[in-house]
Amino acid sequence: MDTAIKVSNLSYHYQDGTEALRDIFFTVPRGKRVVLMGHNGAGKSTLLLHFNGIFLPQQGTVEVLGIPVSEENENRVRQLVGIVFQDPDDQVFSSNVWDDVAFGPINMGLSKEEVKNRVAEALQILGIDSLRNHAPYQLSYGQKKRVAIAGVLAMAPEIIIFDEPMAFLDPRGQESLLNILHNFHRQGKTLIVATHDVDFAANWADQVVILKEGTVFADGGVELLADAELVAEAGLRQPVITRLFAEVLGKETDLPVTFDQGKELLKALIDKHKSF
Amino acid sequence: MPCGRENYSKKKNFIHNLDARVKLITCMLSIVLLVNIYSAKVLTVAVAVILFSLLAARVSLKTIVGRAAITLFFIGGILLFLPFTHGKTTWVISLAGIALPVSLEGLVLAGTLALRTLSAILLMVFLTETTTRAELLSAIKQLPVPPVFSQLIDFTWRYFMVIKSELQRMQRAQKARGYVMKAYFNLQTLKIVSQTIGAMFMRSYSRAERVHWAMLSRAYGARDWTYKMHNNRARIEDYVWGISFLAIVLILLMWDKGGSQWIQLLK
């Protein structure tokens, strides 16, 4: 099975009649890092909630590892797909860290021993074992974020979704989160991140899906983000590296998108300059 | 961190270290027994015993008085009216030209009620000041209490803190834009306060929706949410303390019900 998530012709209307998603088609290959981008209200969060069966398709289909997301399968799907919500205060609701991380495994019906093992492992991986007896209000924002991720990780999902993971984190917290994402990717997990952060997207993702007004506006590699016209139309902006080289070189095509591409181009330019 | 004031958690002693389940059951049973005592004299002794336990647990007198006063304030109205509304008139006092009939029976009843309430409140202060919130919640979860009850307590406390910090942020934002509450009762204040309350309700509603989604996303509803994961055994000294405390309360109850006469009758 090479496909993690397959969305076909998905549409969704809210109860007040607002059209949130319209004829969405796209595929997420297994083990890939996918970034979901778009302006506020583009439908990112609504789409993410479909992957976990919290919202069920009103039209079209969503398949998770070949299993259609439906009322009958929602619990199975929730064990395969974990969501880390934007605000950890929404997610970390138990009276202490241990109980919160154990919440998902208990709901999965695992044995006591297995729950204990999974919680211990998740706390260890996220480096928050010393916080196991702390109440959520005693934690910093970054620590709460780690607890939220540990709670999802303890369910051992194949696919992990992050909604604006970098929001409100300080640079150290962002760096630490990047490491966590990197480790998950190395373990072969499929990662989907909804974000506005184009620089993060450019440097991290394998695939970029841009939503606009509830539909897929563009789907491809990170080079999409170098297209000034496309990103402007989608309500986004180019990565800083791309903008910098566009300004310096005075051109709009063949621009670097990632930090490494920028570094290579800069080196090449310096070498060229030295040889003259 | 104790459920009540936080300052005493560092002053851990024998009473703080008692098993929370034993403390909870002992305090609850004691309250049930104490509210069946009618003699003011016996109730005074009961209050003294609990006060002694509180002081032995190193809970400061200031904390005890503060927390008891807040709760007693709410039943103060009933207690205040009883001498004037209950029983036969014993005295008539004149207040600003108005003759008020006062009954001794009403006075005694008010005093007894006050002592009963005080003993129950002091027992709750004892429980919450010597037990951390986590210990108490864990104790409730380990006892045969319906899960919905423990979840309700859990969520109330957890989101009380979140809503409190949201309210503080809103107040800070108001102050940052120059808002100063000049008087409690004017149109401007009422408008701001009602808007703040309205915004809090709306935020709480959307927060509740998001929390529910977060719970669903971690398979909530697939089975009973139970936390009976930590099952520490109570120690001998926990049981000894619980039985001894209940024995004292039982002796007081027997004294109230004429226990001394039963002993004389047995002789």
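Residues numbered from 1 in each chain as written. Chains lettered and ligands numbered in written order. Predicted model: local features only at pLDDT ≥ 70, side-chain atom pairs only at ≥ 80, totals over all residues. Heavy atoms only, no water.

Considerations on the sheet that holds strand β2 (residues 19-29) of chain A
Residues and elements named next belong to chain A. Rules: Strand pairing requires that DSSP identify at least two bridges connecting the strands. Segments assigned H or I by DSSP are reported as helices when at least four residues long, segments assigned E as strands when at least two residues long, and all are numbered from the N terminus. Working rule for contacts: check all heavy atoms of both residues, and any pair within 4.5 Å makes them a contact. Note on definitions: angles span 0 to 180 degrees between N-to-C directions of axes, and those axes are lines fitted to C-alpha atoms, for helices only across the stretch in contact.
Strands sit in the order β2-β1-β4-β5 across an open sheet of 4 strands; the sheet is antiparallel. A single partner strand is all that each edge strand has here, and the edge strands are β2 and β5 (67-68). As defined by bridge partners, strand β4 (residues 59-64) adjoins β5 across 2 bridges and the pair is classed as antiparallel. Each bridged residue has a counterpart across the sheet, and for glutamate 63 the counterpart in β5 is proline 68. Packing of helix α1 (residues 44-51) onto the sheet brings it into contact with β1 (3-13), β2 and β4, and relative to β2 it is tilted by some 55 degrees.

Some points on the interface of chain A and chain B
Filter applied, for reference: For any pair of parts, buried area is found by adding up, for both, the accessible area (1.4 Å probe) each one loses once the two are put together. We define a salt bridge as a side-chain nitrogen of Lys or Arg found within 4 Å of a carboxyl oxygen belonging to Asp or Glu. Here a polar contact is taken to be a pair of N or O atoms separated by no more than 3.5 Å, where protein atoms must pair a possible hydrogen donor with a possible acceptor and residues adjacent in sequence count only if both atoms sit in side chains.
Contacts between the two partners involve 36 residues from chain A and, on the opposite side, 31 residues from chain B. Here chain A and chain B share an interface that buries about 3,100 Å² over both sides, 59% of which is from carbon and sulfur atoms. Where chain A meets chain B, there are 5 salt bridges. Between arginine 207 of chain B and aspartate 87 of chain A there is a salt bridge, and its shortest N-O distance comes to 3.0 Å. Joining chain A to chain B, the criterion identifies 8 residue pairs in polar contact (both at pLDDT 80 or more).

Focus on the side chain of glutamate 164 of chain A
Residues and elements named next belong to chain A. For clarity, the threshold we go by: Per-residue accessibility, obtained with a 1.4 Å probe over protein chains only, is compared with the maximum for each type, and a residue is labelled buried under 20%, exposed over 50%, and partly exposed between these values. His is not counted here, nor are the chain ends, while Lys and Arg score as positive and Asp and Glu score as negative.
Along the chain, glutamate 164 turns up in the loop between β7 (159-163) and α7 (171-186). Buried within the structure, glutamate 164 lacks any salt-bridge partner; its nearest side chain of opposite charge belongs to lysine 44, at an N-O separation of 5.0 Å. Those residues in contact with glutamate 164 that lie beyond four places of it in its chain are Gln86, Lys145, Ala194, Thr195 and His196.

Observations regarding unusual backbone geometry
What you tend to see is this: most non-glycine residues have negative phi, and most peptide bonds are trans. Residues and elements named next belong to chain A. Phi angles above zero are rare outside glycine, and glutamate 164 is one such case at about 45 degrees. You will see that aspartate 254, though not glycine, has its phi angle at about 55 degrees, which is positive. Relative to the helices and strands, aspartate 254 is located in the loop between α10 (240-249) and α11 (259-275). A relative accessible area of 68% means that aspartate 254 is categorised as exposed.

Considering the packing of aromatic side chains
All names here are of chain B. For clarity, the cut-off: For this analysis, a ring pair means two rings from Phe, Tyr or Trp (six-membered ring only for Trp) whose centres lie within 6.5 Å, classed as stacked if their planes differ by under 30 degrees, edge-to-face if by over 60, and tilted for the remaining angles.
Taken as a whole, this structure holds 15 aromatic pairs over all chains when the rule is applied. Residues phenylalanine 126 and tryptophan 241 carry aromatic rings whose centres are separated by 5.9 Å and whose planes lie at 15 degrees to one another, so their mutual orientation is stacked. Placement of the pair is phenylalanine 126 in helix α4 (residues 104-129) and tryptophan 241 in helix α8 (residues 236-256), with a sequence separation of 115 residues. The exposure classification of phenylalanine 126 matches that of tryptophan 241, with both residues buried. Judged by centre distance (6.3 Å) and plane angle (20 degrees), the ring pair of phenylalanine 126 and phenylalanine 245 falls under stacked. Taken as a pair, phenylalanine 126 in helix α4 and phenylalanine 245 in helix α8 lie far apart in primary sequence, 119 residues in all. Residue phenylalanine 126 shares its accessibility class with phenylalanine 245, and that shared class is buried.

So yeah, pure geometry; function would need other evidence.
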